[in-house]
Amino acid sequence: MLVLPQKIRASTVADQLCLTLVGDDVLLENVAPVEEAGPQSLAYLQSPKKLLTRPGLLLSTTPVEGCSLLLCPDPLLRLLPLLSAWFPEPPASYRPVEGAWVAEGAVIGRGVQLSPGVVVGPGCTIGDDTILFPNVVLMHGVRLGRACRIHANSVIGADGFRYHPGPTGPLRVPQVGGVWLGDEVELGAGCTIDRGFLGDTRIGQGCKLDNQVHVAHNCSIGRFVLIAAQTGLAGSCQVGDGVMIGGQVGLADHSVIGAGARIGAQSGVHGEVPAGETYLGTPARPISVMRRIYASLPQLPALLRRG
Amino acid sequence: MLVLPQKIRASTVADQLCLTLVGDDVLLENVAPVEEAGPQSLAYLQSPKKLLTRPGLLLSTTPVEGCSLLLCPDPLLRLLPLLSAWFPEPPASYRPVEGAWVAEGAVIGRGVQLSPGVVVGPGCTIGDDTILFPNVVLMHGVRLGRACRIHANSVIGADGFRYHPGPTGPLRVPQVGGVWLGDEVELGAGCTIDRGFLGDTRIGQGCKLDNQVHVAHNCSIGRFVLIAAQTGLAGSCQVGDGVMIGGQVGLADHSVIGAGARIGAQSGVHGEVPAGETYLGTPARPISVMRRIYASLPQLPALLRRG
Amino acid sequence: MLVLPQKIRASTVADQLCLTLVGDDVLLENVAPVEEAGPQSLAYLQSPKKLLTRPGLLLSTTPVEGCSLLLCPDPLLRLLPLLSAWFPEPPASYRPVEGAWVAEGAVIGRGVQLSPGVVVGPGCTIGDDTILFPNVVLMHGVRLGRACRIHANSVIGADGFRYHPGPTGPLRVPQVGGVWLGDEVELGAGCTIDRGFLGDTRIGQGCKLDNQVHVAHNCSIGRFVLIAAQTGLAGSCQVGDGVMIGGQVGLADHSVIGAGARIGAQSGVHGEVPAGETYLGTPARPISVMRRIYASLPQLPALLRRG
C-alpha cells in the first residue's frame, strides 16, 4: 500500500483519465493491490474475479458491487502514467563518506560500516551495526535491519521486472514499492533484490542468501531462510520460515513454499510446496518421487526398444 | 567487420606471418568474418566449407578459388597476434563526473544521467536521456541508444569468452568488436553483455532484460525482446523481434530463435526455435510435447517394474 | 591450515571452552581441517570417522586414540567463537589510487593495471602485469598471480556460505581462509570467488572463467580449466587440469572432476566424474547415456498409453 503524496478525489482521477466516474466521489489516500485495498484506496482489477475487499475506487474492466468504478478495457495501462506522476524516482544528491556515496536524507545507524564504492540512495535507512561491503548499491527507499552483512557488488532496490503491452512495445510498470530486510540478514556477493510494485519486497530476520541470488519484486521471505548460490525467485513468491533452498533453483512467480520445506539444487518450482516437505527436480516433485524417476531414466531407452 | 587502422598489402601480412602469398597482392582495408568478407577484407577459414563470399585475402587450411591465399594448418592461431597488434585496447584516462568516471573521448548525450561509481570507457557513445545507475561499467567503444535504463552493477563490453588451443594452454582470442544497444533498452542489475569478436553484439530497440542476464559475444537480439532473470545466451545467438524468454534459460551458441517465439523458464535451447512457437525443457521441445513428458515421468518407475 | 597469531596450550583452549582436557597439554600452532592436521594442530571432528591424521588437539563427539581430546556434543559450534577471536577481519584503511581504493599493506606488483572503482583489501598481493577492470573487489588477503585479467564487477574473497544450526537460528561459520589464483587466470565480469573456511579456495594457472561464474569456499581448481558462464561450484569441489565445463552447470559440494573431463551445459553433477569422460544432464551421466535418454523421452507418453 502506497500513501499518496496528497489526498485526491475519485472525480479528479476520472478527469485525468477521461473516464466516467460511476459511484461516490470518494477521497483517496493510497494506492493498493486490490487484495489489500480499503475504502480510501485506489486499486485496479485487470480481469474479473471475486473480490474480498472493497476499494474506494476501482479501475476495472467490468462492474463490481460496492465500490466506485472507472470502467476501461485495460486498467493497468491507465494506471501507469498516474503512478509515474505520483511516485517519481526521487532526485539524489550524494555526498562522499569514506569512499562511499550517501544520498541526502539517508539514515545510517550507529556502528554501520560503509566501504569504498558503496552507494546509499535517498530515503534509505540502515540499522545499527550493519556492514555494507565494497560497491554495494542501495537504491532509493531501501530499509535494512540491524547487524546485516551485505557482500560486495550486491544491488538492493533495482526496478522489478514488469512490463505491460503498450501500443508501440512493452511499457515499464513503475516499481514504486520498496525493499525491507530484517535484522541479521546476510546477502552474498552479486545478489540482486528488486523493489516491489505497489508493496515491499521483504526478507525476514536471520535469512542468509549466498552469492548471485536473485529475488524479484514483491517476494516475501520469512525468517531464517537459507538460499544457496545462483537461485532465482520470480515475482511475488512467498517463502515460509526456516526454508532451505539449494543452488541454481528457480521459483516461478507466485510460488508458495511452506515453512521448513527444502528444495534441492537446480529444481524448478511452480506452485506450492507443502510445509516441511523436500522437493527436487524440474518440475519439482517430492524428493522420493524424483529420485525414482532419476534412477529409472537410464532404463527407458532399452524399454522402448523392447516395447 | 573491423576497419584496419591503415590499409595493408596482402604481401605485408604474408611477410609478418612468414607464409607464402598465393595470388594477387591485394590492398586490405578491413578484417571480417568470412561470411561478411569482401574484396578488401582479410578473413580466415578454420576448416573447409563452401564459401558464398570471396575475401581479398583468406587465411585457410586448404586452397579456395577466387581469392588470394595464405595456407597454414591453424589460421585462427596465426591471426591472433595480428588482431592484438592492429586493435589494441585503447588506453583510458578518466575524469570524475558526479561520482562517475568518464574516459576522455566518450560522447555523452543530452539529459544522460550518470550515477556514482559509473565507469564509461574510451570511445563510448551514450544516447540522450539514457540513465546509468550506480556502478554500471561500459568498457571501451560501447554504443548505447536513447532513453536506455541500465541498472546498477551491470557490465557492458567485457571480453567475449573465446579461447583457442595454443602450445602451452588456451590462448585468448582478442575480442575486438563492440556492443550496440538500440533506443529504450533496459537492462536489470548485474547483467553482463560481452563485446563481439570481429563484429558487434547487438540488442535492438525496446528490449528489456531482467537482472543477472548474460549475453555473450556476437549475439544479435531483435526489437522488443523480453528476457527474464539469470538467463544466459552463449555466443552468436540470433533472437528475433518480440521473443519472450523465461528465467534461467540457456541458449547454446549459434541458437536461432524466430520472431515471437517463447521459451519457458529453465529451458536449454540448442539449435533453432521456429517463429511463434513456445518451447520448454532441456533439451527444449514444443511445450505440448514437453508437458506430456513431464506428466508421464512419475509413471516410468512403475512401468519398469511391470517391465 | 591457519597459523595461530600466537601459540596456545591445549589447556588454555579447554579453559576457554569450559571443557575437560583428556590427554597431553600440547602446544598448538595452527588450526587445520582434520584431514590435514598435524601434532601442532587444533582440529575438530563433527561426527565419528576413521582418521588418517593425529591432530595435537581434537574437538570431538567421541574419543579418538592418539591425540589430546576435548569432548563435546557439537564441536564446530564450540569452535566458532574461537575462530572469530583468533582470526578477526582485519580493519581496512584505504587510499585512493587512480580512482581505485587500495588498503594499506596490500602489495601491488609491477605493471599492475588498476581501474576506477577497484577495491583492494588489506593483505592482498597482486602479481605483475595483472589487470583489474573497473569495480573489481578483492576482499582481504586475496593473492593473485601474474598476468591475470579480472573483468569488471567480479568479487574475490567474499565469505563462503556456511552456517551452523545455533540456538536461535543459523550461525555464520567464520570464513578465515583465503583465495589464491595462479598466473594468467582470467575471470569474466560479475564472477564471485569465495574465500575458504580453514584453507584456501584455489584456481590454478591459466584457468579461464566466463561471466557470472560462482566458485564457493575451498574449491580447488587445477590448471587450464575452462568454465562457461553462469556455472556454479558448491563448496570443496576438486576440478582437475584441463577440465572444460559448459554454461549454467552446477557442481554439488565435494564433487570431484577428473583431469580432462568435460561437463555439458546445464548439467548438475553430484559426486565424481572420471578423468577424460564427458558428462551431461541432471543428474549428470556419461553423454552417450544421457543423449539416449533425451532421445527416448518423447516416446514415453505413447508407451504409457499402450501400457
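Since this is a predicted model, take the numbers as computed values, not measurements. (Residues numbered from 1 in each chain as written. Chains lettered and ligands numbered in written order. Predicted model: local features only at pLDDT ≥ 70, side-chain atom pairs only at ≥ 80, totals over all residues.)

Some details on the overall build of chain A
Selection criterion: Secondary structure elements follow DSSP: runs of H or I no shorter than four residues count as helices, runs of E no shorter than two count as strands, and numbering proceeds from the N terminus. Buried means a residue has 20 or more other C-beta atoms within 10 Å of its own C-beta, exposed means 12 or fewer, and partly exposed covers the counts in between; C-beta atoms are placed from the backbone. What counts as a contact is two residues whose backbone-derived C-beta atoms lie within 7 Å of each other.
When its secondary structure is counted, chain A shows 4 helices and 36 strands. Counting only C-alpha atoms and orienting by the principal axes, one finds that chain A spans roughly 70 × 60 × 35 Å. Looking at chain A residue by residue over its 307 residues, the buried ones come to 56%. Within chain A, counting contacts between residues at least 6 apart in sequence, those at least 24 apart form 24% of the total.

Regarding the pairing of strand S8 (residues 100-103) of chain B
All names here are of chain B. Quick reminder of the rule: Two strands form a pair only when DSSP identifies at least two bridges running between them.
Burial along S8 is two-sided: Ala100 and Val102 and Trp101 and Ala103, pointing in opposite directions, are all buried. Inspection of the sheet shows strand S7 (residues 94-97) paired to S8 by 4 bridges, in the antiparallel sense. Bridge pairing in S8 places tyrosine 94 opposite alanine 103. As consecutive antiparallel partners, S7 and S8 are separated by 2 residues, and within that stretch glutamate 98 has a phi angle of approximately 55°, a positive value. Summarising the sheet, S8 and strand S10 (residues 119-120) pair through 2 bridges and their orientation is parallel. Each residue of the ladder has a partner; that of tryptophan 101, found in S10, is valine 119.

Let's talk about the interface of chain C and chain A
Heads up, the rule is: Polar here means any residue other than Ala, Val, Leu, Ile, Met, Phe, Trp, Tyr, Cys and Pro, which are nonpolar, and Asp, Glu, Lys and Arg, which are charged; Gly is therefore polar.
Each partner contributes to the interface: chain C provides 38 residues, whereas chain A provides 33 residues. When residues of the side of chain C that touches chain A are traced back to their parent elements, those giving at least two are strand S16 (155-158), strand S18 (169-172), strand S21 (192-194), helix H3 (287-296) and helix H4 (300-306) of chain C. Take the side of chain C that touches chain A: its biggest share by element is 4 residues, from H3(C). Among the residues making up the side of chain C that touches chain A, the classes are represented as 18 nonpolar, 15 polar and 5 charged.

Quick notes on unusual backbone geometry
Residues and elements named next belong to chain A. A cis amide bond links threonine 282 with the next residue in sequence, proline 283, at an omega value of -10°. Structurally, proline 283 is set in the loop between strand S35 (278-280) and strand S36 (285-286). Even without being a glycine, serine 236 presents a positive backbone phi close to 60°. With respect to the secondary-structure elements, serine 236 resides in the loop between strand S27 (232-233) and strand S28 (238-239).

Points about the relation of the copies chain B and chain A
The pair of chain copies shares a relation made of a rotation about an axis and a shift along it. Note the following rule: Our superposition of the copies is a least-squares fit, built on the C-alpha atoms of residues whose pLDDT is at least 70 in both.
It takes a turn of 120° to lay chain B on chain A, together with a shift of 0.0 Å along the axis; the resulting RMSD is 0.0 Å. Given the turn and translation reported, the copies of this chain are related as if by a three-fold rotation axis.

Observations concerning the sheet that holds strand S3 (residues 27-31) of chain C
Pairing between the strands of a sheet is mediated by backbone hydrogen bonds and can be parallel or antiparallel. Residues and elements named next belong to chain C. The strand order across the open sheet formed by 6 strands is S1-S3-S4-S5-S6-S2, and the pairing between neighbours is mixed. The sheet is open, and its two borders are formed by strand S1 (2-9) and strand S2 (21-22), each paired with just one other strand. As judged from the 4 bridges shared by strand S4 (residues 41-45) and strand S5 (residues 57-60), these two strands associate in the parallel manner. Paired with alanine 43 across the two strands is leucine 58, which belongs to S5.

Section: the interface of chain B and chain A
Opposite the 32 residues of chain B that make contact, chain A presents 38 residues. Ranked by residues supplied to the side of chain B that touches chain A, first place goes to helix H4 (residues 300-306) of chain B with 3 residues. Here the residues of the side of chain B that touches chain A are counted per class, giving 15 nonpolar, 14 polar and 3 charged.

Examining the sheet that holds strand S8 (residues 100-103) of chain C
Strand order across the open sheet formed by 10 strands is S7-S8-S10-S13-S16-S21-S24-S27-S30-S33 (chain C), with mixed pairing between neighbours. At either end of the open sheet lies a strand with only one pairing partner, and these are strand S7 (94-97) and strand S33 (268-269) of chain C.

Brief notes about the environment of C:Leu59
All names here are of chain C. Examined against the element boundaries, leucine 59 turns out to sit in strand S5. For the pair leucine 59 and alanine 14, spaced 45 residues apart in sequence, the C-alpha separation works out to 9.7 Å. Ignoring anything within four residues of it in the chain, the contact list for leucine 59 reads Tyr44, Leu70, Cys72, Pro75, Arg78 and Leu79.

Structural notes on the relation of the copies chain C and chain A
Between the two copies, chain C and chain A, the superposition gives an RMSD of 0.1 Å; the rotation angle is 120° and the shift along the axis is 0.0 Å. With a heterologous cut-off of 20% or less, the 18% of interface residues of chain C that recur at the interface of chain A puts this contact in the heterologous class.

What about the domain arrangement of chain A?
Residues and elements named next belong to chain A. For clarity, the cut-off: Where each domain starts and ends comes from a domain assignment, either automatic or drawn from a database.
Examined at the domain level, chain A breaks down into domain 1 (2-86) and domain 2 (154-291). When residues of the side of domain 1 that touches domain 2 are assigned to their parent elements, the largest contribution, 5 residues, is made by helix H2 (residues 75-86). For the side of domain 1 that touches domain 2, a count of residues per class yields 8 nonpolar, 1 polar and no charged.

Observations concerning the confidence of the model for chain A
In regions of low pLDDT, the predicted coordinates are not meant to be interpreted in detail. Note the threshold: pLDDT expresses how confident the predictor is about each individual residue, on a scale running from 0 to 100.
In this model, chain A carries an average pLDDT of 96, and 100% of its residues clear a pLDDT of 70 or more. Scoring the predicted complex yields pTM 0.97 and, for the interface, ipTM 0.96.

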